[in-house]
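# Per-entry structural report
In case you want the letters, here they are:
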Amino acid sequence: MLETFPHLDYKPKLPKRLDRGIGIVGAGGIVNYAHLPAYKKAGFRVVGITDKNLELAERTAKQHGIPNVYATLDDLLHESDIEIVDIAVYPSEQVEIVRQAAAAGKHLLCQKPFADDYAKAVRSVELAEQGRVKLAVNQQMRWDAGMRCTKLLIDDGWLGTPTYATIQVHCKTDWSLWPWIYRGKQLEIMFHSIHYVDSLRYLLGEPAHVFTSGSRAPQETTEAETKTLTVWEYSSGLQVLIDACHSTWQDDAYAIFRMEGTEGIIKGTIGLMYNYPTGRPDTLEFMSKRNSGYWFSARLDSLWIPDAFIGPMASLMRAIEDGSEPETSGRDNLRTLQIVFAEYRSMAEKRAVRPAEITA
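Right, let's walk through the structure included here. (Residues numbered from 1 in each chain as written. Predicted model: local features only at pLDDT ≥ 70, side-chain atom pairs only at ≥ 80, totals over all residues. Heavy atoms only, no water.)

### What about the environment of Trp 180?
Take Trp 180: it is sitting in helix H7 (residues 179-182). In this structure, the C-alpha to C-alpha distance between Trp 180 and Tyr 90, residues 90 residues apart in sequence, is 9.3 Å. Once residues lying within four places of it in the same chain are set aside, the contact partners of Trp 180 are Tyr 90, Pro 91 and Phe 191. (Helix = DSSP H or I, 4+ residues; strand = E, 2+ residues; numbered from the N terminus. Contact = heavy atoms within 4.5 Å.)

Take a look at the structure:
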């Protein structure tokens, strides 16, 4: 029986041990403004860092109080005090680092996207399993407050049977922060909406079919998509809409989510997208027939950046402790990538695609 008020214990569950040594590969922006502030807040112990640009690694180490800078990946992997390697490099380069780290017996947290090719992602999972190490993917939006609370409400029956869901984000993205992404041929889905793909799959399961239309604004020079409309269909009749546009020029940008079901409605805002990367707390409102249809507002006080970034690392550490699999394990993330690559196939072939069509 449902309680009058749900208990939304949405913050990441920490491991018993916080002091497992972490070695970071990559010293770019996401490490500096998300990973390291999150780990400091959680009390995790970062032993050292390396980057192809040694000067960048040294600057990051000085700024965040990291005791060791390693000249090479090999040097980092030979550090016995490092149990976990946090990889934050281009997706095309991750599989080779996974190979070396797994061979060295290090557990792994891989940046998302896990790979730029489905076969590479499968290979990384196999390498970790062969090396008997844990591998998680940094799909941290699952720990963003709005998404986590929505999951708790769905699991506790406040929504009933889901019938409709949407994430809609219209914003102005400064791609000069990531010029290498803007120069590529896959952009919006691979590097942004992949968050929504993983979170919606986490909330609702895998769709039977996906259909995606991708485009860009007239003034944009990239070859890739910067705005997309995607529809997921489920055999149950559930429909999902992902609507993302990064070229909103006016001052009324918005980032909303909404879930409708046979018993209730959940809706809210994704705070990070209103003033990225500073962000603001998400908002969340919900109602249910089982509670007389009154609307309730949840008080959320954490931020996607950095707070949600605690989640994947904490889940990996707990998996190491109890021998389980991380919540966002590499094998779990293969299903997210199947949907991502199905959406790209749908764009190219102008048809609905089954995620199961995507194989190695």
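### Quick look at helix H8 (residues 188-204)
In H8, a bend of some 55° at Ile 194 exceeds every other bend along the element. For H8, the tally of buried residues reaches 17 of 17 residues, placing the bulk of the element in the interior. Backbone geometry just after H8 places Gly 205 at a positive phi near 90°. (Bend = angle between axes of the 7 residues up to and from the residue. Buried < 20%, exposed > 50% of the residue type's maximum accessible area, 1.4 Å probe, protein only.)

### A look at the sheet that holds strand S3 (residues 68-69)
Sheet strands pair via backbone hydrogen bonds, and the direction of the pair is either parallel or antiparallel. A sheet is described by the order of its strands in space; here six strands give the open sequence S3-S2-S1-S4-S5-S6, paired in parallel fashion. Among the strands making up the open sheet, the edge pair consists of S3 and strand S6 (135-137). Across five bridges, the pairing between strand S1 (residues 21-25) and strand S2 (residues 45-50) is parallel. Across the sheet, residue Ile 22 finds its bridge partner in S2, namely Val 46. (Pairing = 2+ DSSP bridges.)

### Here we look at the sheet that holds strand S11 (residues 254-261)
Strand order in the open sheet made by the eight strands is S8-S9-S10-S7-S11-S12-S13-S14, with mixed pairing throughout. Each edge of the open sheet carries a strand with a single partner, namely strand S8 (209-215) and strand S14 (296-298). Strand-to-strand twist of the sheet, defined as the mean angle between neighbouring strand axes without regard to direction, takes the value 10°. Where strand S9 (residues 227-233) and strand S10 (residues 239-245) come together, seven bridges link them in antiparallel fashion. Within the sheet, the bridge partner assigned to Thr 228 lies in S10 and is Ala 244. Contacts between helix H6 (residues 145-155) and the sheet are confined to S11, strand S12 (264-269) and strand S13 (283-288), with S13 contributing the most and set at about 15° to the helix. (Axes fitted to C-alpha atoms, helices over the stretch in contact; angles between N-to-C directions.)

### Some words on the nonpolar core
Across soluble globular proteins, you tend to see nonpolar side chains buried next to one another. Judged by nonpolar contacts, the single largest core of 114 residues is most densely connected at Leu 204 and Ile 270. What Leu 204 contacts, discounting residues up to four positions off in sequence, is Ile 154, Pro 162, Ala 165, Tyr 234, Leu 238, Val 240 and Met 259. (Core = buried A, V, L, I, M, F, W, Y, C linked by side-chain atoms within 4.5 Å.)

### Some thoughts on unusual backbone geometry
In this structure, Pro 113 follows Lys 112 across a cis peptide bond, with omega equal to -5°. Here Tyr 276 and Pro 277 are connected by a cis peptide whose omega angle stands at 0°. Looking at the secondary structure, you find Pro 277 in the loop between S12 and S13. Even without being glycine, Arg 132 reaches a positive phi, approximately 55°. For Arg 132, the position within the fold is in the loop between helix H5 (118-131) and S6.

### Quick word on the pairing of strand S4 (residues 84-87)
Covered by surrounding structure in S4 are Ile 84 and Asp 86 together with Val 85 and Ile 87, the residues of both alternating faces. Bridge analysis of S1 against S4 gives four bridges, and the strand direction is parallel. Its bridge partner being in S4, Gly 23 is matched across the sheet by Val 85. Sheet topology places S4 next to strand S5 (residues 107-110); four bridges connect them, and they run parallel. Residue pairing in the sheet places Ile 87 in a bridge with Cys 110 of S5. Remark: the S4/helix H4 (residues 94-103)/S5 crossover connection has right-handed handedness. (Right-handed = clockwise from strand over helix to strand, strands pointing away.)

It is worth stressing that arrangement in space is one thing and function is another; only the former is reported here.
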